[in-house]
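Examining the three-dimensional arrangement
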Amino acid sequence: LIDRGKRAMAQFIEHHGTGHHFVVAGGVAANRFLCDQLQALATEHGFGFDAPPIALCTDNAAMIAWAGLERAAFGLHDPLDFKPKPRWPLDELTAA
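Within each chain, residue numbers correspond to sequence positions counted from 1 in written order. Residues qualify for local features only when their pLDDT is at least 70, as the model is predicted, and side-chain atom pairs are given and counted only at 80 or more; totals for whole chains, interfaces and linings, by contrast, use all residues. Side-chain measures here rest on the full set of heavy atoms in the structure, leaving out hydrogens and waters.

What to know about the nonpolar core
- Here, nonpolar core means buried Ala, Val, Leu, Ile, Met, Phe, Trp, Tyr and Cys residues that are tied together by side-chain atoms lying within 4.5 Å of each other. With a 1.4 Å probe rolled over the protein chains alone, any residue whose accessible area is under 20% of its type maximum counts as buried; one over 50% counts as exposed, and the rest are partly exposed. Core analysis: the biggest nonpolar cluster contains 11 residues, these being Met9, Phe22, Val24, Ala29, Cys35, Leu38, Leu41, Ala42, Phe47, Phe49 and Cys57.
- Per the convention used, a helix needs a DSSP run of H or I reaching at least four residues, while a strand needs a run of E reaching at least two, with both numbered from the N terminus. The biggest single contributor to this core is helix H3 (residues 32-44), with 4 residues.
- Residue contacts are counted whenever heavy atoms from the two residues lie within 4.5 Å of one another. Residues contacting Cys35, with those up to four places away along its chain left out, are Val24, Val28, Ala29, Phe49 and Ala51.

In structure tokens, the structure reads:
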């Protein structure tokens, strides 16, 4: 996970520059060791680091609600007319 995070940050910097945030959630955010390692990695690469409070990392519904609150705070809203996908790709360019 640390290696993949490092590669992701390097690729992001290559395409978008620096000064952004690295965000973790779920079991990763609930794992203090992983959070500490990823936070150090983010700092090393010039990224801020964000993780929800541990109390919100044990229930997927709570994590989804937290993500919705974060998006709403920025005025981001999605229509409800999308087709759900059981294996949603992380890259929008990936073929469905």
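Overview of the packing of helix H1 (residues 2-16) against H3
- An axis is simply a line fitted to the C-alpha atoms; with a helix, the fit covers only the stretch in contact. Between two such axes, the angle follows the N-to-C directions and lies from 0 to 180 degrees. As a packed pair, H1 and H3 sit with axes 10 Å apart at the nearest point and diverge in direction by 25°. The orientation of H1 relative to H3 falls into the category roughly parallel. As H1 runs across H3, the sense of the crossing is right-handed. Contacts from Ile2, Gly5, Lys6 and Met9 of H1 reach H3 at Leu34, Gln37, Leu38, Leu41 and Ala42.
- In the scheme used here, Gly and all other residues not listed as nonpolar or charged are polar, with Ala, Val, Leu, Ile, Met, Phe, Trp, Tyr, Cys and Pro taken as nonpolar and Asp, Glu, Lys and Arg as charged. Residue composition of the contact of H1 with H3, by class: 6 nonpolar, 2 polar and 1 charged. The labels follow the angle: roughly parallel below 35 degrees, roughly antiparallel above 145, roughly perpendicular from 65 to 115, and oblique for the rest. Handedness of each helix crossing follows the sense of rotation of the near helix against the far helix: counterclockwise by less than a right angle gives left-handed, clockwise gives right-handed.

Comments concerning the side chain of His45
- For His45, the location among the structural elements is in the loop between H3 and strand E2 (48-50).
- Within polar-contact distance, the side chain of His45 engages the backbone oxygen of Leu41 at 3.1 Å.
- Sequence-distant contacts of His45, defined by excluding residues within four places in its chain, comprise Lys6, Met9 and Ile13. Nitrogen and oxygen atoms within 3.5 Å of one another constitute a polar contact, given that in protein one can donate a hydrogen and the other can accept it, and given that sequence-neighbouring residues count only through two side-chain atoms.

Focus: helix H4 (residues 60-73)
- What a helix is expected to span follows from its residue count: subtract one and scale by 1.5 Å. With 14 residues, H4 extends 20 Å between its outermost C-alpha atoms, agreeing within 8% with the 20 Å of an ideal straight helix rising 1.5 Å per residue.
- The positive-phi residue at the C-terminal boundary of H4 is Gly75, with phi of around 75°.

Quick look at H3
- A rise of 1.5 Å per residue sets the reference length of H3, with its 13 residues, at 18 Å; its end C-alpha atoms lie 18 Å apart and thus fit the reference within 8%.
- Listing the buried residues of H3 in full gives Leu34, Cys35, Leu38, Leu41 and Ala42. Each buried residue of H3 lies within a common arc of 130° when the element is viewed along its axis, so the set occupies one face. Along H3, the residues that are exposed and aim more than 90 degrees away from the buried face are Phe33, Thr43 and Glu44.
- On its buried face, H3 is in contact with H1, strand E1 (21-23), helix H2 (26-30) and E2.
- The distance from a side-chain oxygen at the start of H3 to the backbone nitrogen of Phe33 is 3.0 Å, and the residue carrying that oxygen is Asn31.
- Following H3 by one or two positions, Gly46 adopts a phi angle in the positive range, close to 80°. Working definition: the arc comes from the directions between the helix axis and the C-beta atoms, pointing outward to the latter.

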